[in-house]
Every structure is written in structure tokens, then in C-alpha cells.
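Listed below, chain by chain, are the residues.
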Amino acid sequence: MTSNYSSDQTWVVKYKLPDDQVRTPREVIVTAISQSDARKVAQAMIPSAIIMGGPQPVH
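These numbers come from a predicted model, not from an experiment.

Chemist: I'm lost on the overall build of the protein chain in this one. Help?
Modeler: For the protein chain, the helix and strand inventory stands at one helix and four strands. The helix and strand sequence of the protein chain, counted from the amino end, reads β-β-α-β-β. A buried classification covers 24% of the 59 residues belonging to the protein chain. If you take every contact in the protein chain between residues at least 6 apart in sequence, the share linking residues at least 24 apart comes to 45%. A total accessible area of about 4400 Å² is found for the protein chain, and carbon and sulfur atoms account for 54% of it.

Take a look at the structure:
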């Protein structure tokens, strides 16, 4: 078993764009060490994104 502390995990980050008219958020999958890091990676990938909630690990 690998430790999450030393290895990257895959996360699903839900987001909306400023002009989105739909209720369903978009999703992007990122690889990061932690939940907070996953949020930062997604924000860096899509600077105009409005992150919805916390990133969830992919099982």
C-alpha cells in the first residue's frame, strides 16, 4: 500500500465558468498530492474557473 503523503492522487474538481448558464458544474480530473493542491492545480489550469466545493478523490 502506498502512502497518500508521498504519492500523487487523482481528484475530480467541479467548477463553473463565469458565463455558464447550466446548473450542472463542469468537471476536470487532476493529479495532486492533496485536496488543497488539487484545487490549486485546477485553478491554474483554468484561471477563470469558479471551483465548486472540494475536490473528491477518484476511486
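Chemist: I tried to follow the environment of Pro 55 on my own but got confused; where do I start?
Modeler: With respect to the secondary-structure elements, Pro 55 resides in the loop between β3 (50-51) and β4 (56-57). The exposure class of Pro 55 is buried, given its relative accessible area of 2%. Between the alpha carbons of Pro 55 and Thr 10 there is a distance of 9.6 Å; along the sequence they are 45 residues apart.

Chemist: Please explain the pairing of strand β1 (residues 9-16) as it appears in this structure.
Modeler: Put simply, side chains in a regular strand alternate between the two faces of the sheet. Inspection of the sheet shows β1 paired to strand β2 (residues 26-32) by seven bridges, in the antiparallel sense. From the neighbouring strand, Gln 9 faces β2, where its bridge partner is Ala 32. Bridging between β1 and β3 involves two bridges; their strand directions are antiparallel. Looking at β3, one finds that Tyr 15 is bridged to Ile 51.

Chemist: Would you take a moment to explain the environment of Gly 54 for this structure?
Modeler: Looking at where Gly 54 falls in the secondary structure, it is placed in the loop between β3 and β4. Note on Gly 54: relative accessible area 33%, which makes it partly exposed. Taking the C-alpha atoms as reference points, Gly 54 and Tyr 15, 39 residues apart in sequence, are found 9.9 Å from one another.

Cut-offs applied
Residues numbered from 1 in each chain as written. Predicted model: local features only at pLDDT ≥ 70, side-chain atom pairs only at ≥ 80, totals over all residues. Heavy atoms only, no water. Helix = DSSP H or I, 4+ residues; strand = E, 2+ residues; numbered from the N terminus. Buried < 20%, exposed > 50% of the residue type's maximum accessible area, 1.4 Å probe, protein only. Contact = heavy atoms within 4.5 Å. Areas by Shrake-Rupley, 256 points an atom, 1.4 Å probe, with all protein chains shown as cover. Pairing = 2+ DSSP bridges.

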